[in-house]
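# Summary of the model geometry
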Amino acid sequence: MNEYKGFDENLSLNGKIALITGAASGIALATSQMMTRKGARVIMADRNSKVVEEAEKIPGAIPIILDITDYAAIEAAVERVVCEVGNIDILCNIAGLGSGTPVTQIPHEEFDQVLKVNLNAAFYMSQIVGKQMIAAGKGGRIISMASQAGIVAIDGHVAYSSSKAGLMAMTRDLALEWGKYGITANTVAPTVVMTPMAKDYWVGERGEAHLAQIPVGRFAEMDEIAMAVCYLASDAAAMINGANLVVDGGFTIG
């Protein structure tokens, strides 16, 4: 039985080791920075070598250049982390691939690639790290980045929506099977987040039309999503399992 042990009201992550994918930029980089401020030691994984430069700016951070679609590479990376740093307490599946191609125009290769990165790779990471968490016997947290597009239909997002809806379904199964080990699995589903990439895409008529559907009247900032991830990673969220935390300003309530 998993006993209630209380929690730090400041959502401290002191002493925790967090593996974060996609950490060279965007939400994952913001999460790496915030988790470090909360006391965690972060392992920043990304296929982009820029992750090395970004990790140098974060105290104690360790960069890993990793293709998360390569199962064998993930196994090797996790084994290295466990041997050299310690058992992974928190996994953040944040790396993702966008797609804005309509149903009639999207090549099957693009559809396959989006699911490979957003869904398959998140499963690979979760399975491999989850096994390590079970073996360590200390519980753990798995937080994956979903989207409002996994809840409601968004024009031109068939591949992206499919991947994120699948990610939420997968997470519920992880939560069901691994809760007994003290491992919780949850997703965060943001609206448009003001990453550098989003600022380029959600502009003009497209941006204005989408913004008009958000009751609070703005898009989300990266730190707001990073804090949601930190909350789910903390002991305060020990009873949240299999949930999807929607951070969309009310976009999906209509």
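So, here's what we can say about the structure. These figures come from a predicted structure and were not determined experimentally.

The rules behind each value
- Residues numbered from 1 in each chain as written.
- Predicted model: local features only at pLDDT ≥ 70, side-chain atom pairs only at ≥ 80, totals over all residues.
- Heavy atoms only, no water.
- Salt bridge = Lys/Arg side-chain N within 4 Å of Asp/Glu carboxyl O.
- Axes fitted to C-alpha atoms, helices over the stretch in contact; angles between N-to-C directions.
- Helix = DSSP H or I, 4+ residues; strand = E, 2+ residues; numbered from the N terminus.
- Left-handed = near helix turned anticlockwise from the far one by under 90°.
- Contact = heavy atoms within 4.5 Å.
- Nonpolar A, V, L, I, M, F, W, Y, C, P; charged D, E, K, R; others polar.
- Expected span 1.5 Å × (residues − 1).
- Buried < 20%, exposed > 50% of the residue type's maximum accessible area, 1.4 Å probe, protein only.
- Pairing = 2+ DSSP bridges.
- Core = buried A, V, L, I, M, F, W, Y, C linked by side-chain atoms within 4.5 Å.
- Polar contact = N/O pair within 3.5 Å; in protein donor to acceptor, adjacent residues only side chain to side chain.
- Phe/Tyr/Trp six-rings, centres within 6.5 Å; stacked < 30°, edge-to-face > 60°.

## Quick notes on the pattern of salt bridges
- Scanning all chains against the criterion turns up 5 salt bridges.
- Residues joined in a network through salt bridges with shared partners are Lys50, Glu54 and Lys57.

## Digging into the packing of helix H3 (residues 71-84) against helix H4 (residues 108-136)
- Two elements in contact, H3 and H4, have axes whose closest approach is 10 Å; the angle formed by their N-to-C orientations is 35 degrees. The handedness of the crossing between H3 and H4 is right-handed. Where H3 approaches H4, its residues Tyr71, Ile74, Glu75, Val78 and Val82 are matched on the opposing element by Tyr124, Met125, Gln127, Ile128, Val129, Lys131 and Gln132.
- Here the residues of the contact of H3 with H4 sort into 8 nonpolar, 2 polar and 2 charged.

## Structural notes on unusual backbone geometry
- Notably, leucine 11 is not glycine yet its phi reads approximately 60 degrees, a positive angle.
- Topologically, leucine 11 is positioned in the segment before strand E1 (17-21).

## A look at helix H1 (residues 26-37)
- Taking 1.5 Å as the rise per residue, H1 with 12 residues should run 16 Å; its terminal C-alpha atoms sit 17 Å apart, in good agreement.
- A large share of H1 lies buried, amounting to 10 of its 12 residues.
- Every buried residue of H1 is listed here: Gly26, Ile27, Ala28, Leu29, Ala30, Thr31, Ser32, Met34, Met35 and Thr36.
- Considering only its buried residues, H1 is in contact with E1, strand E2 (41-46), helix H2 (50-55), strand E4 (90-93), strand E5 (140-145) and helix H8 (222-233).

## A few points about the sheet that holds strand E3 (residues 62-65)
- In spatial order, the strands read E3-E2-E1-E4-E5-E6-E7; together these 7 strands make up an open sheet with parallel pairing. Each edge of the sheet is formed by a strand with only one pairing partner; in this case those strands are E3 and strand E7 (244-247). Each strand axis lies, on average, 20 degrees off the axis of its neighbour in the sheet, ignoring direction.
- Where E1 meets E2, 5 bridges bridge the pair, whose relative direction is parallel. Residue pairing for E2: leucine 19 is matched across the bridge by isoleucine 43.
- Sheet strands in contact with H4 are E1, E4, E5 and strand E6 (183-190), and its direction is about 175 degrees off that of E4.

## What to know about the nonpolar core
- Residues Ile20, Met35, Val42, Met44, Ile90 and Val188 are the most contacted members of the largest nonpolar core, which totals 34 residues.
- Listed by contribution, the elements that provide at least two residues to this core are E1, H1, E2, H2, E4, E5 and H8.
- In terms of residues, this core owes the most to one element, H8, which gives 7 residues.
- Not counting the four nearest positions on each side in its chain, valine 188 is found in contact with Ile143, Ser144, Met145, Ala146, Ser147, Ile225, Ala228, Val229, Leu232, Asn244, Leu245 and Val247.

## Digging into the side chain of glutamine 132
- With respect to the helices, strands and loops of the structure, glutamine 132 is situated in helix H4.
- A relative accessible area of 11% places glutamine 132 in the buried class.
- A polar side-chain atom of glutamine 132 sits 3.2 Å from a polar atom in the side chain of asparagine 87.
- Within polar-contact distance, the side chain of glutamine 132 engages the backbone nitrogen of isoleucine 88 at 3.1 Å.
- Beyond its immediate sequence surroundings of up to four residues, glutamine 132 is in contact with Val82, Asn87 and Ile88.

## Comments concerning the pairing of E4
- With burial as the criterion, each face of E4 is covered, one bearing Ile90 and Cys92 and the other bearing Leu91 and Asn93.
- Where E1 meets E4, 3 bridges bridge the pair, whose relative direction is parallel. Paired with alanine 18 across the bridge in E4 is isoleucine 90.
- Examined bridge by bridge, E4 and E5 share 4 bridges and lie parallel to one another.

## What to know about the packing of aromatic side chains
- Tallied over the full model, the rule gives 2 aromatic pairs.
- Summarising the aromatic geometry, the rings of tyrosine 71 and tyrosine 124 are spaced 5.5 Å apart at their centres and angled 80 degrees between planes, so their arrangement reads as edge-to-face. Highlighted residues: tyrosine 71 in helix H3 and tyrosine 124 in helix H4, separated in sequence by 53 residues.
- Of the residues examined, tyrosine 71 reaches a relative accessible area of 28% and is grouped as partly exposed.

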